[in-house]
Amino acid sequence: MLVKFNSSTSGQIMMFSPAARQLLEILHKDCTARGVITSEQLPEAIERLRRAVAGGGSSGSLPPQADPPAQDDDSNDEQRADGPPIGLAQRAFPLIELLEWTRKEDGYILWEAAKDF
């Protein structure tokens, strides 16, 4: 499921619900279908995410997903998802940037998803 973060001033980002949940839990926000980070909450939200990234985060990287389906021997190597897991810093950076741009223009952030996640 996708979660959309909409800035009142600076645009939109989307991420999958496990990543959004991890970041919203750092911000002590409920993972409901809709929510808000008010202009008054933006400085603290930015600071919390920066501290989590600097300290390695509350849980580091996201939990592994289910194994991908097996591929035929003649499959293209470029389609493989091998590599290191994506860390908290990589997940948090777009949201931190959106929060900072929104704070500069005294806006707020709304998020929405199809259902609670």
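Residues numbered from 1 in each chain as written. Predicted model: local features only at pLDDT ≥ 70, side-chain atom pairs only at ≥ 80, totals over all residues. Heavy atoms only, no water.

1. Things to note about the nonpolar core
Among the nonpolar cores identified, the biggest contains 27 residues, and F5, L23, I37, L49, L99 and F117 are the most heavily contacted of them. For this core, the elements supplying multiple residues, two or more each, are strand 1 (2–7), strand 2 (11–16), helix 1 (17–26), helix 2 (42–54), helix 3 (88–104) and strand 4 (109–113). Tallying contributions element by element places helix 3 first for this core, with six residues. Those residues within four positions of L49 in sequence are excluded, and the remaining contacts are L23, I26, L27, L95, I96 and L99. (Core = buried A, V, L, I, M, F, W, Y, C linked by side-chain atoms within 4.5 Å. Buried < 20%, exposed > 50% of the residue type's maximum accessible area, 1.4 Å probe, protein only. Helix = DSSP H or I, 4+ residues; strand = E, 2+ residues; numbered from the N terminus. Contact = heavy atoms within 4.5 Å.)

2. Remarks on the packing of helix 1 against helix 3
A pair of packed helices can be characterised by two numbers: the angle between their axes and the separation between those axes. Where helix 1 contacts helix 3, the axes come no closer than 10 Å and their chain directions differ by 75 degrees. The pairing of helix 1 with helix 3 is recorded here as roughly perpendicular in orientation. Taking contact as the criterion, the partners of A19, Q22, L23 and I26 in helix 1 are, on helix 3, L88, R91, A92 and L95. (Axes fitted to C-alpha atoms, helices over the stretch in contact; angles between N-to-C directions. Parallel < 35°, antiparallel > 145°, perpendicular 65-115°, else oblique.)

3. Quick look at the packing of helix 2 against helix 3
Where helix 2 meets helix 3, the axes come as close as 10 Å, and the angle between the chain directions of the two elements is 160 degrees. Taken together, the axes of helix 2 and helix 3 lie roughly antiparallel to each other. Judged by the sense of rotation from one axis to the other, the crossing of helix 2 with helix 3 is left-handed. Each of L42, P43, A45, I46, L49, R50, A52 and V53 in helix 2 lies in contact with helix 3, whose residues at this interface are L88, A89, A92, L95, I96, L99, E100, T102 and R103. Looking at the contact of helix 2 with helix 3, its residues break down into 13 nonpolar, one polar and three charged. (Left-handed = near helix turned anticlockwise from the far one by under 90°. Nonpolar A, V, L, I, M, F, W, Y, C, P; charged D, E, K, R; others polar.)

4. A closer look at the packing of aromatic side chains
Going through the model one piece at a time under the given rule, you end up with one aromatic pair. Taking 6.4 Å as the distance between ring centres and 45 degrees as the angle between the ring planes, the aromatic pair formed by F5 and W111 counts as tilted. Separated by 106 residues along the polypeptide, F5 in strand 1 and W111 in strand 4 bring together distant segments of the chain. Cation over ring: K104 sits above W101, and NZ or CZ is 4.5 Å from the ring centre. (Phe/Tyr/Trp six-rings, centres within 6.5 Å; stacked < 30°, edge-to-face > 60°. Lys NZ or Arg CZ within 6 Å of the ring centre and 35° of its normal.)

5. A short note on the environment of K29
For K29, the position within the fold is in the loop between helix 1 and strand 3 (34–37). Here K29 falls in the buried class, since its relative accessible area comes to 19%. For the pair K29 and A45, spaced 16 residues apart in sequence, the C-alpha to C-alpha distance is 10.0 Å. When sequence neighbours within four positions are dropped, the list of residues in contact with K29 reads L24, V36, I37, Q41 and W111.

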